[in-house]
Number of protein chains: 2
Amino acid sequence: MNRYWSRVAQQLTPYVPGEQPQIDGLVKLNTNENPYPPSPRALEAIRQATNETLRRYPDPDANVFKAAVARFHGVQADQVFVGNSSDEVLAHVFIGLLKHDLPLLFPDVTYSFYPVYCGLYGIDYRTVPLADDLSLRVQDYGQPNGGIIFPNPNAPTGRLLPLEDIEALLKANPDSVVVVDEAYVDFGGTSAVPLVAAHPNLLVVQTLSKARSLAGLRVGYAIGQPHLVEGLERVKSSFNSYPLDRLALAGATAAMEDTAYFDRTRQAVIASRVRLTARLEELGFEVLPSAANFVFARHPGHDGAALLQALRDRKVLVRHFKQPRIDQYLRITVGTDAECDALLGALRDIPPTR
Amino acid sequence: MNRYWSRVAQQLTPYVPGEQPQIDGLVKLNTNENPYPPSPRALEAIRQATNETLRRYPDPDANVFKAAVARFHGVQADQVFVGNSSDEVLAHVFIGLLKHDLPLLFPDVTYSFYPVYCGLYGIDYRTVPLADDLSLRVQDYGQPNGGIIFPNPNAPTGRLLPLEDIEALLKANPDSVVVVDEAYVDFGGTSAVPLVAAHPNLLVVQTLSKARSLAGLRVGYAIGQPHLVEGLERVKSSFNSYPLDRLALAGATAAMEDTAYFDRTRQAVIASRVRLTARLEELGFEVLPSAANFVFARHPGHDGAALLQALRDRKVLVRHFKQPRIDQYLRITVGTDAECDALLGALRDIPPTR
């Protein structure tokens, strides 16, 4: 609290990201990073762009990168909005497309940045409880609303909503923007991008941080009909003319183009998830069905917070959320098989406490 | 206008940056980029960081870079706030420190992004006219206000305000945050950073885009007492946890440390400005005294907008603002001497129109 802060700044409850500690030998399975390196073509493109042209501003419209995203998804470039991470894209979505008189709706268990954006921009919201099995029921979103947003697969549950349900939601809410946050969709989900053509109220958000192994480069995008993209461009151009630097543009463009590498690494992560899930279940864990690069699991013999700490004592970092309904779960990023084995070894070493 | 846009999105008047055209042989003096390349140490640091660690999120607190900024300026790291360009830093400053019941004050002729931020965040503002010679008079800022912001040197005039005047402004407005936007200070101004220790209401904003030749990397920062930085961190952590990517952090840190290169190139720009100013005056231009890497000049025989076009026809790009009081001026970035000579040659080729 400070007399120089605006009321907004005083009332904020900021988002707390997962830790990025520097500890030797740490098995880091807490922030859903990809265990595989970025595409070699992306790294080469960055090296090529590391030259005297960095003295020049980047393209404010990111046209080359937008074209690459459009080609990958089979859409037009004017259906693509880009930003400095999907978090920045989401921030612009909240103020530009989701701030209305009626409340925004999102699940009670979901990406914990959503209520933070609402606090920043003064957006009224209601949370809609997930079902007992932590699945999302679209029929619960029938109330009047100024927008709907959810990740698919959902975070931190990993549960996937079928496209038919998304289509039903779009049809039932023709006056609201429905935002599908597909940060994790490449690990087993089906993207809603093909629904964009028929639905003027659909916006799909993706990131290069997960399946494209570029969390360190900060690039995300949204796909929707041009009228939604135009609204976002208005916000972006009132905030920061050049959110994507020249290196991010170069690396992200090459990463979108290297589809073979993308497919190979995401399939490897999926295979490791299947294996990790089976091993966790052998250890007595209940593991929610996941279409993401993480699993959400609990164990009848362990308290969630205590297990987090016991793993940390063994140099294995996972994530735990102190939130009703999910405080007995751990969210575990799918690492390489070797990293998953380190986790499993540590778990076998921890005696049940109940 | 669109029914899915928020009222904010509908009412925005976005900022329009200077063009970034791709034209062969263009002499580009329109966006105040540095004619010299970035520090070789910055480029090498980026190359070193271009590796598999890009799969990991960057440090959300940018501690290594903050420490480099703090060392350069002789302040503590908790007095440094960083962001994806000084434009992003300014956006957070507007919502976090300048949004109050009383109106924000800034000059009538200044960086044209300021009223855009006010539109985005619903901030009431008043403009304070510059004097007839386009200088800023601190005594005109005596009215009740919720904050004061101006660039020093001012943009697009290039005029410098002495530190004594800034100190007087700080003392006369103890309840308001006074933001000094020092994007261009390294080309002949004196930074207000040494005043931070004594003034809890002072925030100084700088960028690596100008004197450090890194417009393409998008890095800026603010320096103020820790309580102001904390307010900004609250906003940043409610918007985007990791605004600076790993490559930007690496390059920006090395650029701050290469003080010898920084001094050499900014002195070269200053020498070119002195030379350009003299030559323009020989051609009959009235050139405002500039402490920036641009000059603001008008000619009794030329209309501003017509001269912009005539220069463009000769492949020389400068900037013109369609705004009362300054629509007869051109803002000309100081390039290399060769680029300045190309501009001067084109000017000699254009016949006066009145």
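Residues numbered from 1 in each chain as written. Chains lettered and ligands numbered in written order. Predicted model: local features only at pLDDT ≥ 70, side-chain atom pairs only at ≥ 80, totals over all residues. Heavy atoms only, no water.

## Overview of the side chain of B:Asp258
Residues and elements named next belong to chain B. Checked against the element boundaries, Asp258 lands in the loop between helix H8 (246-257) and helix H9 (259-282). Judged by relative accessible area, which is 9%, Asp258 ranks as buried. Within the structure, Asp258 has its side chain in polar contact with the backbone nitrogen of Tyr261 (distance 3.3 Å). Among residues more than four places away in sequence, those in contact with Asp258 are Ser39, Pro40 and Arg41. (Helix = DSSP H or I, 4+ residues; strand = E, 2+ residues; numbered from the N terminus. Buried < 20%, exposed > 50% of the residue type's maximum accessible area, 1.4 Å probe, protein only. Polar contact = N/O pair within 3.5 Å; in protein donor to acceptor, adjacent residues only side chain to side chain. Contact = heavy atoms within 4.5 Å.)

## Concerning the sheet that holds strand S6 (residues 178-181) of chain A
Residues and elements named next belong to chain A. The strand order across the open sheet formed by 7 strands is S2-S8-S7-S6-S5-S3-S4, and the pairing between neighbours is mixed. A single partner strand is all that each edge strand has here, and the edge strands are strand S2 (80-83) and strand S4 (125-128). On average, each strand axis in the sheet is inclined to that of its neighbour by 20 degrees, with strand direction left out of account. Relative to the sheet, helix H4 (residues 85-97) contacts S2, strand S3 (104-107), strand S5 (147-151), S6, strand S7 (202-207) and strand S8 (220-224), its axis offset from that of S7 by approximately 160 degrees. (Pairing = 2+ DSSP bridges. Axes fitted to C-alpha atoms, helices over the stretch in contact; angles between N-to-C directions.)

## Focus on the interface of chain A and chain B
At the interface, 87 residues of chain A touch 87 residues of chain B. Between chain A and chain B, the buried area comes to about 7,100 Å², and carbon and sulfur atoms account for 56% of it. Applying the counting rule to chain A against chain B returns 6 salt bridges. We note a salt bridge from B:Glu33 to A:Arg56, for which the minimum N-O separation is 2.9 Å. Where chain A touches chain B, the interface holds 50 residue pairs in polar contact (both at pLDDT 80 or more). (Buried area = accessible area lost by both parts, 1.4 Å probe. Salt bridge = Lys/Arg side-chain N within 4 Å of Asp/Glu carboxyl O.)

## Remarks on the UniProt feature "modified residue: N6-(pyridoxal phosphate)lysine" (unreviewed entry) in chain A
Following the UniProt record, the feature "modified residue: N6-(pyridoxal phosphate)lysine" (unreviewed entry) maps to A:Lys210 here. Residues within four places of A:Lys210 in sequence aside, it is in contact with A:Thr31, A:Asn32, A:Asn34, A:Ala183, A:Tyr184, A:Phe187 and B:Tyr57. (UniProt positions renumbered as here; feature names shortened; annotations may be inferred.)

## Structural notes on the pairing of strand S12 (residues 330-333) of chain A
Consecutive residues of a regular strand have side chains that alternate between opposite faces of the sheet. Residues and elements named next belong to chain A. Side-chain alternation along S12 places Leu330 and Ile332 on one buried face and Arg331 and Thr333 on a second face that is also buried. Bridge count between strand S10 (residues 294-298) and S12: 4 bridges; the pairing is antiparallel. Across the sheet, residue Phe296 finds its bridge partner in S12, namely Arg331.

## A short note on the relation of the copies chain A and chain B
The transformation that overlays chain A on chain B combines an axial shift of 0.0 Å with a rotation of 180 degrees, and the residual RMSD is 0.0 Å. Each copy turns onto its partner about a two-fold axis. If distances are taken from each C-alpha of chain A to the rotation axis, the shortest is found for A:Arg47, at 3.1 Å. (Least-squares fit on C-alpha atoms with pLDDT ≥ 70 in both.)

## Remarks on the domain arrangement of chain A
All names here are of chain A. Domains assigned within chain A are domain 1 (7-37 + 260-349) and domain 2 (40-258). Placing the centre of domain 1 and that of domain 2 at their C-alpha centroids yields a distance of 23 Å. Facing 33 residues of domain 1, the contacting portion of domain 2 comprises 35 residues. Taken over both partners, the interface formed by domain 1 and domain 2 buries close to 2,700 Å², and the fraction arising from carbon and sulfur atoms is 61%. (Domains from an automatic or database assignment.)

## So, the sheet that holds S10(A)
Residues and elements named next belong to chain A. The strand order S9-S10-S12 describes an open sheet built from 3 strands, whose pairing is antiparallel. The two strands at the open ends of the sheet, each matched to only one other strand, are strand S9 (286-287) and S12. Along the sheet, helix H9 (residues 259-282) contacts S9, S10 and S12; its crossing angle with S10, the most-contacted strand, is approximately 10 degrees.

## Quick word on the pairing of strand S8 (residues 220-224) of chain B
Residues and elements named next belong to chain B. Burial runs high along S8: 5 of the 5 residues are buried. Side chains of S8 alternate between two faces, with Gly220, Ala222 and Gly224 and Tyr221 and Ile223 buried alike. For strand S2 (residues 80-83) and S8, the ladder comprises 4 bridges, and the chain directions are antiparallel. From the neighbouring strand, Val80 faces S8, where its bridge partner is Ile223. For strand S7 (residues 202-207) and S8, the ladder comprises 5 bridges, and the chain directions are antiparallel. Across the sheet, Leu203 pairs through a bridge with Gly224, a residue of S8.

## Structural notes on the packing of H4(A) against helix H7 (residues 226-236) of chain A
All names here are of chain A. The geometry of H4 relative to H7 is characterised by a closest axis approach of 9 Å and an angle of 105 degrees between their N-to-C directions. The orientation of H4 relative to H7 falls into the category roughly perpendicular. Facing His92, Val93, Ile95, Gly96 and Leu97 of H4, the residues of H7 in contact are Leu228, Leu232, Val235 and Lys236. The residue makeup of the contact of H4 with H7, split by class, is 6 nonpolar, 2 polar and 1 charged. (Parallel < 35°, antiparallel > 145°, perpendicular 65-115°, else oblique. Nonpolar A, V, L, I, M, F, W, Y, C, P; charged D, E, K, R; others polar.)

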